[in-house]
Protein chains: 2
Amino acid sequence: MMEISEFAKNITQEHTQVVPISLFVAILCLCLIVGHLLEENRWVNESITAILIGCVSGIIILSITKWKSSHILRFDEELFFIYLLPPIIFNAGFQVKKKQFFHNFLTIMMFGVIGVFISVSIITVGSWWLFPKLGFMGLSIRDYLALGTIFSSTDTVCTLQILNQDETPLLYSLVFGEGVVNDATSVVLFNAVQKIDVRELNGKAALRIFRDFLYLFSTSTILGVTAGLLTALVLKTLYFGKHSSVREIALMVLMAYLSYILAELLELSGILTVFFCGIFMSHYAWHNMTDSSRITTRHTFAMMSFIAETFIFLYVGMDAFDIEKWRMSKLSFVTSLGVYSALILMILLGRAAFVFPLSLLSNYMNSHRSPSISFNHQVVIWWAGLMRGAVSIALAFKQFTYSGVTSDPDSATMITATIIIVLFTTLVFGFLTRPLVKYLLPHPQHATNNSCREPKSPNEDMNLPLLSFDESTATNLLRAKDSLSMLLDRPVYTIHSFWRRFDDTYMRPVFGGPDSNQSQC
Amino acid sequence: MMEISEFAKNITQEHTQVVPISLFVAILCLCLIVGHLLEENRWVNESITAILIGCVSGIIILSITKWKSSHILRFDEELFFIYLLPPIIFNAGFQVKKKQFFHNFLTIMMFGVIGVFISVSIITVGSWWLFPKLGFMGLSIRDYLALGTIFSSTDTVCTLQILNQDETPLLYSLVFGEGVVNDATSVVLFNAVQKIDVRELNGKAALRIFRDFLYLFSTSTILGVTAGLLTALVLKTLYFGKHSSVREIALMVLMAYLSYILAELLELSGILTVFFCGIFMSHYAWHNMTDSSRITTRHTFAMMSFIAETFIFLYVGMDAFDIEKWRMSKLSFVTSLGVYSALILMILLGRAAFVFPLSLLSNYMNSHRSPSISFNHQVVIWWAGLMRGAVSIALAFKQFTYSGVTSDPDSATMITATIIIVLFTTLVFGFLTRPLVKYLLPHPQHATNNSCREPKSPNEDMNLPLLSFDESTATNLLRAKDSLSMLLDRPVYTIHSFWRRFDDTYMRPVFGGPDSNQSQC
């Protein structure tokens, strides 16, 4: 053991960057393979696999470095916000099922925006009230507010892997849409909270947070939409594919990244910008590319998002054994346990407090909608958002550390609490999701292997034969007719139908896109 | 102007990473668009465009920062060797026309290995003899040796864009193959030179360099081949495509990168490893993927390589106006000019000294080969390797700076000399390449737009209809028959035919690959 640690030490000193990168890449490869082998397993999902492998690697590294350190990389929240988050969010926007997303736009926004506000208030007030009673003090008001946003960002990947998009399209669309909007809202709100003056916290300050939020939301959206449309316009007018498809792919990747980084530079919300950029790129720009570029971009974005996500969960697993932070936190075992339980309780409550009322509201507003959100569906939506993931971790590091390092015991406690809660919710809640969904949505097809075989539903349309337009034109025509008659039945969707007419008449001729008959998904 | 510089200063202090990244990404986008618009221009190529845009940006930044600095990023040679070089070299291996490459393997290796040795000796001895006469002293023997390797690595992209692969397949294959092997040899030799003890420089030391070189060459190759075969085996046995094509693409990208970074960790030559990894991945692993993954990997690797290359040339353009380095170098204008001219003379001589003799040798050895290397072809090969590019810059920074910074006037002179020579050879020699090729290879088809329309010849097979196997089977069968009869005519290629038989009988059944009839390119 002595020799290994000596060897590790020597190598680490010589190649500061090379060692952690190669270790991480090797572990990522391992994750890929193990994840694939466990694909048909009923209990485990991608995130759980990555976290568990991260834990094991953490223990191994800990034993090699003689119980000094369990991670190979310092978690730099800049690394996360500059390199890991953009591909994940962009891919979510790029692969979003636009038809379903925009059909349920109002409900999704209610869950994703108003819901987060409710959840943040409950978690903030709840922890501010409970923590001192549990014997944990030392957090400022700003910390409590940050805590609210940190634990309001959900991670719905796990549930999405289990839901069947064809059987329950409304449910799937709501869970997926809320998951994405929720991430954006949490980050925007987190940034808005950073700016307020906590000394005078009253109605005015709350109003100011809301105003800041609206400003960030609208400007970020506009920037993302502009970037997407600009790319579409450039691709359409210059038609890069004529010479080489490499350039058009490179342009799309670079413009997407540029929109994110510009938003960060202008102190807007890059996450919202890149999400809308993704939606508009896949709606317009994507159609102006050659066939092979279309296949490439879809797969490339999915792959980058996949690698970034796995990377983050691996890191969370490794960081769970970061002895330093555990030592630094000076709480007793019982108090720590109390803090964790209080937080999990708040998460459960905060989510219940908006999912059920807002679902009822949505059902009332869309009374013409044939499949309303049943109680069982409401429970699934509530459960789907209980998992906490990458965004929570990143926000916690941003709030409570300076470049991944902290010397304050209270901050260390909050970091370990975040990691514990991400681990607990992902492992325990994630583990229980499949049985719960099977119990709540009892359908013979759920038990078959069919739903297991295609678990990556958000990406499943990539497997469609993208090149065979002849076949899909017919089915799309049918779909178009269906949805037209549906639109006439539902007055709530008039906005959507107006938008579609505007899109077909003005946007598509300028920015590109398929014939309106083919544009249903 | 004052306000802009103040604004720039404020922003830079707040976002240390965000500003340079967003500027660089924006300029990269500009490069892409301008490069596309100039595609049909007869004189300019990609590298020249990027360098010129880099120069303009450099001047603008210089004026904004009040003539203090012209670059936004410090050139860290770790950035280059860890992130930018691997995709370029891997892509070269991945897209290599394996049939032509292995048919001309011996000649390519002669040019790429023996040629570099000859060129290094001439440049080293020449500069060691000339520099003191020009009044420039202060370089150590190790510096002169490094100088030899720095200026022996060529950049053949420019010529490859002009040559027509179908008209002159032998010439194209030699220029492409030499360009790739040459990069690898220069880097390996550079590393070998770093290790020698310069105090006792005699025959023994030269032998030791050669021994080190052989050791690095063989171990690196073995590592690359192993990584490629391992990926093929994993992809074949686990068949990821069953569940999601995202995982197989991710695995290929990660394994390729892992091979590079492992080689660097073991102090081998990552560049050779990743090159052979690319060849073996495209020969075996690529065939074990789903159709859409095949298209995606080809395009993704080409795109990454393209972005990395453009990035480097942009940087070279910007660095040309780095006032600091110019001030630091204390040579007079005349002496500087003398040093530059001497280096260019050495480059011209060093290349001539091996291209012409080795071509004659190759013609003699392959006397049965129907198209021998004519004198005009030899001149084109000589000319194609005169341009200096990214690898030279990176090696120069590695030798003469510490993380991109130098305080030694002699080192600063060598950095500026390298940049001047890269600029001069790329701009002037690159500019003259098209007229020269047209003069030396007069062929009616060269004047048509046909050759301009498809200038990215190394990537052109990406545009082939990869999915339509029916069509290509027929043509490949014909090609296979052709090449079989050709093999019987040429005794020199018996090694190649043995390899093909071994490949068909043992390798392909285990590691995957197409039927031998389809495997001709």
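Since this is a predicted model, take the numbers as computed values, not measurements.

## Some details on the overall build of chain A
Thought 1: Along the backbone of chain A there are 22 helices and zero strands.
Thought 2: Long-range pairs, those at least 24 residues apart, make up 84% of the contacts in chain A between residues at least 6 apart in sequence.
Thought 3: Counting every atom, chain A has about 21,000 Å² of accessible surface; 67% of that belongs to carbon and sulfur.

## Concerning the interface of chain B and chain A
Thought 1: Between chain B and chain A, the residue contacts involve 59 residues of the former and 60 residues of the latter.
Thought 2: Both faces considered, chain B and chain A share a buried interface measuring about 5,500 Å² in area, 73% of it formed by carbon and sulfur atoms.
Thought 3: Linking chain B to chain A there are seven residue pairs in polar contact (both at pLDDT 80 or more).
Thought 4: Those elements giving two or more residues to the side of chain B that touches chain A turn out to be α1 (2-14), α2 (18-37), α4 (77-95), α10 (203-238), α11 (245-265) and α13 (291-319) of chain B.
Thought 5: When the residues that make up the side of chain B that touches chain A are grouped by side-chain class, the tally is 35 nonpolar, 14 polar and ten charged.

## Description of the nonpolar core
Thought 1: In this structure, F131(A) and F131(B) are the most contacted members of the largest nonpolar core, which totals 321 residues.
Thought 2: For F131(A), the residues in contact, after removing those within four places along its chain, are F136(A), L139(A), Y144(A), L147(A), V339(A), A342(A), L343(A) and M414(A).

## Details of the packing of aromatic side chains
Thought 1: A full pass over the atoms with the stated rule returns 40 aromatic pairs over all chains.
Thought 2: Aromatic side chains F213(A) and F217(A) sit 5.5 Å apart centroid to centroid with 45° between the ring planes, which places their arrangement in the tilted category. Separated by four residues within a single helix, F213(A) and F217(A) lie in helix α10 (residues 203-238), roughly one turn from each other. In this pair, the class of F213(A) matches that of F217(A), namely buried.
Thought 3: On the numbers, 5.1 Å between centres and 90° between planes, the contact of F117(B) with F213(B) is edge-to-face. One end of the pair, F117(B), is in helix α6 (residues 105-133); the other, F213(B), is in helix α10, with 96 residues separating them in the sequence.
Thought 4: Note on F117(B): relative accessible area 21%, which makes it partly exposed.
Thought 5: Taking the relative accessible area as the measure of exposure, F213(B) reaches 2% and is therefore buried.

## Concerning the pattern of salt bridges
Thought 1: Overall, the coordinates contain eight salt bridges over all chains when judged by the stated rule.
Thought 2: Of the charged contacts in the structure, one is a salt bridge between R508(A) and D503(A), with a shortest N-O distance of 3.3 Å.
Thought 3: We classify R508(A) as buried; its relative accessible area is 7%.
Thought 4: Between R351(B) and E178(B) there is a salt bridge whose closest N-O contact spans 2.7 Å.

## What about the packing of helix α2 (residues 18-37) of chain A against helix α3 (residues 46-64) of chain A?
All names here are of chain A.
Thought 1: Following both chains from N to C, one finds α2 and α3 inclined at 135°, their axes separated by 10 Å at the closest point. Judged by the angle between their axes, α2 and α3 are oblique. The chirality of how α2 crosses α3 is right-handed. Listed contacts from α3 to I27, L30, C31, V34 and G35 of α2 are E46, T49, A50, I53 and S57.
Thought 2: For the contact of α2 with α3, the class distribution of residues is six nonpolar, three polar and one charged.

## So, the relation of the copies chain B and chain A
Thought 1: Rotating chain B by 180° about the axis while translating it 0.0 Å along that axis superimposes it on chain A, leaving an RMSD of 0.0 Å. When the rotation and shift are considered jointly, the pair of chain copies conforms to a two-fold rotation axis. Distance from the rotation axis, computed per C-alpha, reaches its smallest value in chain B at T296(B): 2.1 Å.
Thought 2: When the interface residues of chain B are mapped onto chain A, 100% of them are again interface residues, pointing to one common binding face.

## A word on the environment of F217(B)
All names here are of chain B.
Thought 1: Looking at F217, the relative accessible area reads 15%, which means it is buried.
Thought 2: Put simply, F217 and L268 are 51 residues apart on the chain and 8.1 Å apart in space, counted from C-alpha to C-alpha.
Thought 3: Dropping the residues within four chain positions of it, F217 is found in contact with M109, V113 and L272.

## Observations concerning helix α12 (residues 270-283) of chain A
For an α-helix, the turn length of 3.6 residues means that residues three or four places apart are oriented alike.
Thought 1: If you check α12(A), its first and last C-alpha atoms are 20 Å apart, about what 14 residues at 1.5 Å a residue would give, namely 20 Å.
Thought 2: In terms of burial, α12(A) is largely enclosed, as 14 of its 14 residues are buried.

## What to know about the confidence of the model for chain A
All names here are of chain A.
Thought 1: Of all residues in chain A, 80% have pLDDT values of 70 or greater, and the mean over the chain is 78.
Thought 2: Of all the helices and strands in chain A, helix α20 (residues 450-453) carries the lowest mean pLDDT, 36, while helix α11 (residues 245-265) carries the highest, 91.
Thought 3: Across residues 1-5 the pLDDT falls below 50, and counting only partners more than four positions away or on other chains, this stretch makes five contacts in the model.
Thought 4: Long-range and interchain partners of residues 517-521, a stretch whose pLDDT sits below 50, account for 17 contacts in this model, where long-range means more than four residues apart.
Thought 5: Here the predicted complex scores 0.81 on pTM and 0.80 on ipTM.

## Description of the packing of α6(B) against helix α7 (residues 141-150) of chain B
All names here are of chain B.
Thought 1: Across the interface, α6 lies against α7 with an axial gap of 8 Å and an inter-helix angle of 130°. As judged from the angle between their axes, α6 and α7 are oblique. Crossing of α6 over α7 shows right-handed handedness. Contacts between α6 and α7 involve V120, I123, T124, S127, W128, F131 and P132 from the former and I141, Y144, L145, L147, G148 and T149 from the latter.
Thought 2: Looking at side-chain class alone, the contact of α6 with α7 contains nine nonpolar, four polar and no charged residues.

## Considering a nonpolar patch on the surface
All names here are of chain A.
Thought 1: On the surface, L106, L361, Y364 and M365 cluster together into a nonpolar patch covering about 410 Å² of accessible area.
Thought 2: Of all the elements, helix α15 (residues 333-365) adds the most residues to the nonpolar patch, at three residues.
Thought 3: With relative accessibility at 34%, the residue M365 sits in the partly exposed group.

## Section: the environment of G115(B)
Thought 1: By the secondary structure assignment, G115(B) is in helix α6.
Thought 2: For the pair G115(B) and T185(B), spaced 70 residues apart in the sequence, the C-alpha separation amounts to 9.7 Å.

## Some details on the environment of G224(A)
Residues and elements named next belong to chain A.
Thought 1: Within the fold, G224 resides in helix α10.
Thought 2: Judged by relative accessible area, which is 0%, G224 ranks as buried.
Thought 3: Sequence separation between G224 and S269 is 45 residues; the distance between their C-alpha atoms is 9.9 Å.
Thought 4: The contact partners of G224, leaving out residues within four places of it in the chain, are T273, F276 and C277.

## Remarks on unusual backbone geometry
Residue and element names in this part refer to chain A.
Thought 1: Of note, E267 is a non-glycine position whose phi angle comes to about 60°, a positive value.
Thought 2: Mapped onto the elements of the fold, E267 is located in the loop between α11 and α12.
Thought 3: A residue is classified by how much of its surface remains accessible, and E267, at 42% relative accessible area, is partly exposed.

## Some thoughts on the side chain of R388(B)
All names here are of chain B.
Thought 1: When you line up the elements, R388 lands in the loop between α16 (375-384) and α17 (390-400).
Thought 2: There is a polar contact of 2.7 Å between the side chain of R388 and the backbone oxygen of F151.
Thought 3: In contact with R388, other than residues within four places in its own chain, are F151, S152, S153, T154, D155, I347, I421, V422, T425 and T426.

## Points about the state of the cysteines
Thought 1: Scanning all chains against the criterion turns up zero disulfides over all chains.
Thought 2: No disulfide involves C31(A); its sulfur sits 9.6 Å from the nearest other cysteine sulfur, which is in C29(A).
Thought 3: Taking the relative accessible area as the measure of exposure, C31(A) reaches 5% and is therefore buried.
Thought 4: Here C277(A) stays free of any disulfide, with the sulfur of C29(B) as its closest cysteine sulfur at 11 Å.
Thought 5: Its relative accessible area of 0% is what places C277(A) among the buried residues.

## Overview of the side chain of N182(B)
Residue and element names in this part refer to chain B.
Thought 1: You can see N182 is positioned in helix α9 (residues 169-195).
Thought 2: Accessibility expressed as a relative area gives 1% for N182, which makes it buried.
Thought 3: Discounting residues that sit within four places of it in the chain, N182 has contacts with G112, V116, S152, S153 and T154.

Criteria and thresholds
Every residue gets a number counted from 1 within its own chain, in the order that chain's sequence is written. Chains carry letters and ligands carry numbers; both start at the beginning, A for chains and 1 for ligands, and go up in the order they are written. Restriction of local features to residues with pLDDT of at least 70 applies here, the model being predicted, together with a cutoff of 80 or more for giving and counting side-chain atom pairs; totals for whole chains, interfaces and linings are based on all residues. Hydrogens are left out, water is left out, and the side-chain values use all remaining heavy atoms of the structure. Numbered from the N terminus, helices here are DSSP runs of H or I no shorter than four residues, and strands are runs of E no shorter than two. The contact criterion used throughout is that any non-hydrogen atoms of two residues lie within 4.5 Å. Where accessible areas are quoted, they stem from the Shrake-Rupley method and a 1.4 Å probe; at the residue level, only the protein chains shown are allowed to cover. As used here, buried area is the combined drop in accessible area, with a 1.4 Å probe, of two parts when they are placed together. Here a polar contact is recorded for every N or O atom pair within 3.5 Å, except that within protein the pair must consist of a potential hydrogen donor and a potential acceptor, and residues adjacent in sequence are included only if both atoms are side-chain atoms. Gly is placed with the polar residues, together with every amino acid not listed as nonpolar (Ala, Val, Leu, Ile, Met, Phe, Trp, Tyr, Cys and Pro) or charged (Asp, Glu, Lys and Arg). What we call a nonpolar core is a set of buried Ala, Val, Leu, Ile, Met, Phe, Trp, Tyr and Cys residues that are connected through their side-chain atoms within 4.5 Å. Burial classification: accessible surface area is computed with a 1.4 Å probe over protein chains only, and a residue below 20% of its type maximum counts as buried, one above 50% as exposed, and the rest as partly exposed. Pairs were defined over the aromatic rings of Phe, Tyr and Trp, the Trp ring being its six-membered one, requiring ring centres within 6.5 Å. Orientation was assigned from the angle between planes: stacked under 30 degrees, edge-to-face over 60, tilted for the rest. By definition here, a salt bridge exists when the distance from a side-chain nitrogen of Lys or Arg to a carboxyl oxygen of Asp or Glu is within 4 Å. Axes, fitted as lines to C-alpha atoms, cover a helix only where it is in contact. Angles between the N-to-C directions of the axes lie from 0 to 180 degrees. Our angle categories are set so that under 35 degrees counts as roughly parallel, over 145 as roughly antiparallel, 65 to 115 as roughly perpendicular, and the remainder as oblique. Handedness of a crossing is defined here by the sense of rotation of the near helix relative to the far one, left-handed for an anticlockwise turn of less than a right angle and right-handed for a clockwise turn. Overlaid copies result from least-squares superposition on C-alpha atoms, with residues included only where pLDDT is at least 70 in both. Helix span is expected to be 1.5 Å times the residue number reduced by one. pLDDT measures how confident the predictor is about each residue, on a scale from 0 to 100. Here the term patch refers to residues with relative accessible area over 30% and no salt bridge, with like charges joined within 9 Å and nonpolar side chains (Val, Leu, Ile, Met, Phe, Trp, Tyr) within 5 Å. We call a pair of cysteine sulfur atoms a disulfide when they lie within 2.5 Å.

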